[in-house]
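Here's the letter readout for the chains.
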Amino acid sequence: MVLIGMLLFSSCNLYRKYSSDATVRSDLMGDVVNPQDTLSMASLDWRTAFPDPLLQRLVENALANNTDLRQAQLSVEQAQNSVKAAKWGYAPTLSFTPQATYTYQGGGAFTYQVPVTASWQLGIFGQTTTSVRKAKSQAAYAQEYKQAVQVSLAANVAALYYTLVMLDRELEVSLETEKLWEESLESTRALYEAGVTESPAVYQMEASVAQVKTNIIDLRNSILTTEAALCNLLAEPPHHIERAPFGTFKMPEHLHVGLPLRLLDARPDVRLAERNMEIAYYGTQQARQAFYPTLTIDGLFGMVGSPVQILGRAMASLTQPIFAAGKLNAQLKNAKLEQEKARLEFEQTLLDAGNEVYTYLHNCETARAKSEFIDARVVSLQNAYDATSELMMNGTNTYLEVLTAQESLLSSQLTQVQNRFEMIQALINLYTALGGFGTAN
């Protein structure tokens, strides 16, 4: 008893529950954090940031049917079953082995044995408790992983949806351009027949019309393949995806990223890294507990003989590892190294999170700042094209000047669409980096 008391006194840390001592640097997200800003986009429901009802329905369908997310849910259920199994470590193991023997010595006689064997291993140094805690940590890890899959899924659905919206707008611009360029081609042919222009003007216009028709074919194919990719996330066969017009999306007036601590509350990857540290901590505890003895109580109870007699026997044994010290030392060292690796992974995850928020917020602001000038450029080039076309009809300008104006206008219109999409994509990335899609369910 004195030995057991000394062992218990020297092993108080074996019973300690994991508690995080992780700290978050105040400059984790660079210069994008306002210390007075306690709001965060991550605290808003994703439907508020992306109010398009067509997109919301797609995200909800993906969350209900996506096979990756359903597999993640099955992993959660498996981990929860492992917790239940670990808790059975507190209970004894019972086995029932009835036997009957017939003996003939001048006269037959039956001998009966109906014993129940019990074995109870007591983790007096916290072995069973640590196993249960580790199983709970692994179940929490599985739940966080499911949340990470959910966030990624919702973000990917939103990104593909707005890719389709962008492609629709690019196709619309290209179709409008095709119509204008065909009109210019007819005008150029008329001027050629009137002797105002030469044949190269007609050939150049024909080549430009052929190029825009080629772009239209490519855009239609991109729309089909993007729809197929989105349907795959929905676990549906390829089909047309209904979506809103390009100009209906509105950027939030103010983008709140919140304080750095918010990343710990919202980002699934940060929570996964934290759970990994917890699992590694309990792994180290188990490696330490392997040095300590285990107490096993065995018992035999039942009926035996003929006539029947009651049998009962119990014994206890204390098992202490002696010759496995070298192996146990190596296991403990490796467990400590795993714990340090988990800590470093957590630190890097925080750095990555801060870097992503910093980058995506600046991408949002950059795209917003550029949009005003790009819009003004489109208006100017549209006016230039109209004026150039009119002058060519009057014989003042050449077909090359009209062609240059047409191509510049088309390029600026497509740049306008691309910049708008980059703004939306940056917002999706920022919202995901803040863990905002974590409120999707």
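Please refer to the structure higher up on the page.
The model shown is predicted, which means the values in this text are computed figures rather than measured ones.

The rules behind the values
Residues numbered from 1 in each chain as written. Predicted model: local features only at pLDDT ≥ 70, side-chain atom pairs only at ≥ 80, totals over all residues. Heavy atoms only, no water. Core = buried A, V, L, I, M, F, W, Y, C linked by side-chain atoms within 4.5 Å. Buried < 20%, exposed > 50% of the residue type's maximum accessible area, 1.4 Å probe, protein only. Helix = DSSP H or I, 4+ residues; strand = E, 2+ residues; numbered from the N terminus. Contact = heavy atoms within 4.5 Å. Phe/Tyr/Trp six-rings, centres within 6.5 Å; stacked < 30°, edge-to-face > 60°. Axes fitted to C-alpha atoms, helices over the stretch in contact; angles between N-to-C directions. Parallel < 35°, antiparallel > 145°, perpendicular 65-115°, else oblique. Left-handed = near helix turned anticlockwise from the far one by under 90°. Salt bridge = Lys/Arg side-chain N within 4 Å of Asp/Glu carboxyl O.

This brings us to the nonpolar core. Counting 54 residues, the largest nonpolar core has Phe50, Leu55, Val157, Tyr161, Tyr162, Ile428 and Phe437 as its most contacted members. Elements supplying a minimum of two residues to this core: α2 (46-49), α3 (53-65), α4 (67-87), α5 (127-193), α6 (199-233), α9 (325-393) and α10 (399-433). It is α5 that provides the largest number of residues to this core, a total of 15 residues. Once residues within four sequence positions are removed from consideration, tyrosine 162 is found in contact with Phe50, Asp52, Leu55, Phe249, Phe421, Ile424 and Ile428. Membership of the second largest hydrophobic core comes to 14 residues, among which are Val173, Leu381, Tyr385 and Leu403.

Time to look at the packing of aromatic side chains. The tally for this structure, following the rule as stated, stands at four aromatic pairs. For the pair tyrosine 281 and tyrosine 282, a centre-to-centre distance of 5.3 Å together with 70° between the ring planes defines the contact as edge-to-face. For the pair tyrosine 281 and tyrosine 282, a shared accessibility class is recorded, and that class is buried. Here a set of aromatic residues connected by ring pairs shows up, and it is made of Tyr18, Tyr281 and Tyr282.

What follows covers the packing of α5 against α6. Between α5 and α6, the shortest axis-to-axis distance is 8 Å and the interhelical angle comes to 160°. Classified by the angle between their axes, α5 and α6 sit roughly antiparallel to one another. With respect to the hand of their crossing, α5 and α6 are arranged in left-handed fashion.

Turning our eyes to something else, we now look at the pattern of salt bridges. Scanning the model with the defined rule gives 16 salt bridges in all. A salt bridge links arginine 267 to aspartate 269; its shortest N-O distance comes to 2.6 Å. Across the salt bridge formed by arginine 267 and glutamate 356, the nearest N and O atoms sit 3.1 Å from each other. Pair noted here: arginine 267 is in the loop between α7 (261-266) and α8 (268-289) and glutamate 356 is in helix α9, with a separation of 89 residues, a long-range link. Using a relative accessible area of 4% as the deciding quantity, one classes arginine 267 as buried.

In short, the description is geometric, and any link to function would need to be established separately.
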